[in-house]
Amino acid sequence: GKERWPRGDEATWRAAMREADGGDEASIARSIIGHVQTSLAREAYNIDDLGAYQAAALAVRDDMILNWNKTQVHYNKTQVKRAYYFSLEFLMGRTLDNALLALGAKKPYTNTLDRLGFNMEDLLDQERDAALGNGGLGRLAACYLDSSAAQELPVWGYGLRYKYGIFKQLIAPDGQQLEAPDPWLDNQNPWELVRLDVTYEVRFYGTSKRATDGSGRAVWSGGQEVLAVAYDVMIPGYATRTTNNLRLWESKPKSGFDLQSFNAGDYEHAVESSNSAAAITSVLYPNDHTTFGKELRLKQQYFWTAASLADIVRRFKNLDKPLSEFPQYVSIQLNDTHPTLAIPELMRILLDEEDVPWAAAWKIVTNTFFYTNHTVLPEALEKWAVPLMEQILPRHLQIIYDINLLFLQSVEKKFPGDRDRLARMSLIEEGFPKQVRMAFLACIGSHKVNGVAELHSELVKTTILKDFVEFEGISKFSNVTNGITPRRWLDQCNPALSALITKTLGIDKKIWLKNLDRLEGLLEYTEDNAARNKAFRARWAEIKQANKERLAHYVQIHLGLTINTNAMFDVQIKRLHEYKRQSLNICGVIHRYLTLKGMTPAQRKKVNPRVVFFGAKAAPGYYIAKLIIRLIVNVARVLNADPDTKDYLSMYFIPDYSVSIAEILIPASDISQHISTAGTEASGTSNMKFCLNGGLLVGTVDGANIEIAEAVGESNVFFFGHLTPAVEDLRYQHTYHPIPVEQKSPALARVLDEVSSGRFGDGWVYEPFLNTIREGDYYLITDDFDSYLAALDMVDEAYLDKDEWVKKSIRTTAKMGKFSSDRALTEYAESFWNVEPVPIPKN
Ligand code: B1H
């Protein structure tokens, strides 16, 4: 919609002001124009889309601030119990559209901007993603904040305000991934409020001297002190007045410079130390699922947990209650082990600053914290070298040793003489260097421990925390299956489908968007051929088609490529990781290509055309993952240029995958792939997003796929591959009795050979990747390849019956109620935190 009347001219704006007299739209127009002239200090008739976006965002923000204030004042006044979600990642994406939805103001804003000469969609597109996360774990935190506000629950998030979010991904001419910084704050960020009056000092290094009175207390002094400054991000609740808070900390030097260094005449060193304070919150670590042991990462974790706890303790003290009641007013959910230092830090505050005796302090701590585990992959289990921790956090290391001593004494009491068990369960892993096992610390310091899908929670209990289940009892361990917010992941990203659902269910969308089980009302439309049902199904298919066109348009604009929208759209979007097996997908595509090449033109004409989309970032240091991206890009080039086959098979790697790109890709999928080796993907959440939008799932029996299949019925998903219990044996076989790929899967062997021989560019480049399959094959590509191909054949077969396919699609959407993050958040609130909804009164 760019070809409009000359927008932004004086006459249009004046007319807009006049037309909009009275009512909402008048005050919206006044507010937007006011922000253009004052906040942005620009001429009203002379702004571009970016300026108009900013002015509109500031106008919306004004409305949110009023609700935010009311909410916070009410929480304080009523002294309600609160929960805090500690996460090193919040993958928020864009805010304006979400805020307009929450406030119910999308229509009047769209109309007003239209009268001013601007198109809402174009303005929404001006906003940069807040990409302060790597993937599912960070996006989950964002969905949970959305649900807590929508359900009027007093929940705050605590995180870090990284100056640079997840890197921007570029693809070099040879197909390699390149990384560039993401300066997301370069344009003013209208969604945050800096609180220069909310600051805390955080100490690093120095020395810790234990008291000699046997009290377990100590004095920690010296070292470096850094200032934490609060930035508040408003989280509006859908169709409520509740506006919760996400508090993000920025680090800065305590006094701007290090006075001692200046006195010594060492200007450079003084400036350097200021830099090092600012460095703490400068960048998000992009290594999803790997721990690196980097000093700066440890500093991030402590800086954030220390500032957050200081803030929470200060707020608690305003209530004027004894510290023993702390857990009655405060619950803290630890999003993975990244915030585990909060456990020794709260101990330190209670022991050293508040004079609480050890046993009482430990009781407070273990009634306050709750730990969510998000992975059982060994390489992702956090450990910190003891010498590093001793240097940076000497007091915390003492406390951890004290916790460990008492803990192991109690284990010894229950299992006398079981030295292996003590070694297995110690918070300190022996070795050079010794390491602190953060998952164990998180487990024993928490009241409850949960995994993120049924299978995963079972694996947590039977593998990494088995000894702890035996020692502490099973009741401490539970499951909360992940969820996604239907506001962003259906209503916002797929407005046409949302409108159809609202019309069909015949209820206000506020009702079903907050009670997602209501989607089951769509089921009856799959039943017979009543005209009403047929019309609904036709409209359902039409909307999917329109979403495919929208994606094709995006690719046309951004990549300059033309997509066949009559083809089946097959999407795999997630971080690039060997366990997620994008390799299986690319090998499957190559196999399909080779099969097509072997056909006559007449035979090809009978093939169901397919377009495969990939989106994935690889950790910058993850060599094999980057090689897989390179292979995808280069295979795509060959496929898309081959006149024999390109109408039947094409492939697109969408660079710089993000929340906003997901919002375009997900509604456009016919099928999506969630094909991790069984037992490796804790839950997955994009699987839920695709299914909610009527895309069918191709997947392994892993993570939340299993529960999705249970909900929608196995006949509506395409499952394949070995099950979790087989994985261990297969790995053993690969290591000790390897069978050549040619023998296990000739089809796969052929694919590997074609890559090797240079069909998709220099074969030698890919050898290290190909060898991961030929040797060891840790992720069992060879074992699952043939059944994967069979599953894709079943997809083709099923797609032939268009009406049945649409029915499957509708049934899938209809049964996704369980996967609303509202359900998940309610489980946390009720069974862990004991936090209740707190409606915010009007005045
Ligand atoms: C998940 C991570 C993760 N699990 C370490 N673990 C990180 C681990 O920067 N780090 O050090 C970052 C992220 N992320 C994901 O969590 C799981 O793989 C998904 O299956 C799950 O859906 C998601 C949310 O629970």
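The structure we're discussing is the one just above.
Values in this document were obtained by computation on a predicted structure and should not be read as measured data. (Residues numbered from 1 in each chain as written. Predicted model: local features only at pLDDT ≥ 70, side-chain atom pairs only at ≥ 80, totals over all residues. Heavy atoms only, no water.)

(A) The site of the ligand, seen in detail. Around the ligand there are 21 residues in total, and His374, Asn482, Glu681, Ser683 and Gly684 lie nearest to it. Here Asn287 contributes a backbone N or O atom positioned 3.5 Å from an oxygen atom of the ligand. Taking Glu681, its side chain carries an N or O atom lying 2.6 Å from an oxygen atom of the ligand. Coverage of the ligand by the protein amounts to 96% of the 530 Å² it exposes when considered alone. With 3 residues, the top contributor of residues to the shell around the ligand is helix α7 (residues 136–150). Here the residues of the shell around the ligand are counted per class, giving 5 nonpolar, 12 polar and 4 charged. (Near = heavy atom within 4 Å. Polar contact = N/O pair within 3.5 Å; in protein donor to acceptor, adjacent residues only side chain to side chain. Areas by Shrake-Rupley, 256 points an atom, 1.4 Å probe, with all protein chains shown as cover. Helix = DSSP H or I, 4+ residues; strand = E, 2+ residues; numbered from the N terminus. Nonpolar A, V, L, I, M, F, W, Y, C, P; charged D, E, K, R; others polar.)

(B) Layout of empty space enclosed by the protein. One pass over the full model with this rule turns up 5 cavities of 30 Å³ or more. By volume, the largest cavity is sized at about 390 Å³. Forming the boundary of the largest cavity are 31 residues, of which Gly93, Thr95, Glu127, Ala130 and Trp191 lie nearest the centre. Within the residue set of the lining of the largest cavity, elements represented by two or more residues are α3 (49–78), β2 (90–93), β3 (130–132), α7, β10 (224–236) and β11 (243–253). Grouping the constituent residues of the lining of the largest cavity by class yields 17 nonpolar, 8 polar and 6 charged. By volume, the second largest cavity amounts to about 60 Å³. What lines the second largest cavity is Asp570, Asn585, Gly588, Val589, Arg592, Arg610, Val612, Leu649, Gln673, Tyr788 and Leu792. For the lining of the second largest cavity, the secondary-structure elements that each account for two or more residues are α24 (582–597), β20 (610–615) and α34 (781–800). It is α24 that provides the largest number of residues to the lining of the second largest cavity, a total of 4 residues. Here the lining of the second largest cavity is composed, by residue class, of 5 nonpolar, 3 polar and 3 charged. (1 Å grid on protein atoms, 1.4 Å probe; cavity = no way out; pocket = protein on both sides within 12 Å on 5 of 7 lines; lining within 4 Å. Points joined across faces, edges and corners; volume = space filled by probe spheres on them.)

(C) Just the pairing of strand β21 (residues 649–653), in detail. Of all the 5 residues making up β21, 5 are buried; the element is thus mostly covered by neighbouring parts of the structure. Where β20 meets β21, 5 bridges bridge the pair, whose relative direction is parallel. Within the sheet, the bridge partner assigned to Val612 lies in β21 and is Met651. Crossover handedness for the path β20 to helix α26 (residues 623–641) to β21: right-handed. (Buried < 20%, exposed > 50% of the residue type's maximum accessible area, 1.4 Å probe, protein only. Pairing = 2+ DSSP bridges. Right-handed = clockwise from strand over helix to strand, strands pointing away.)

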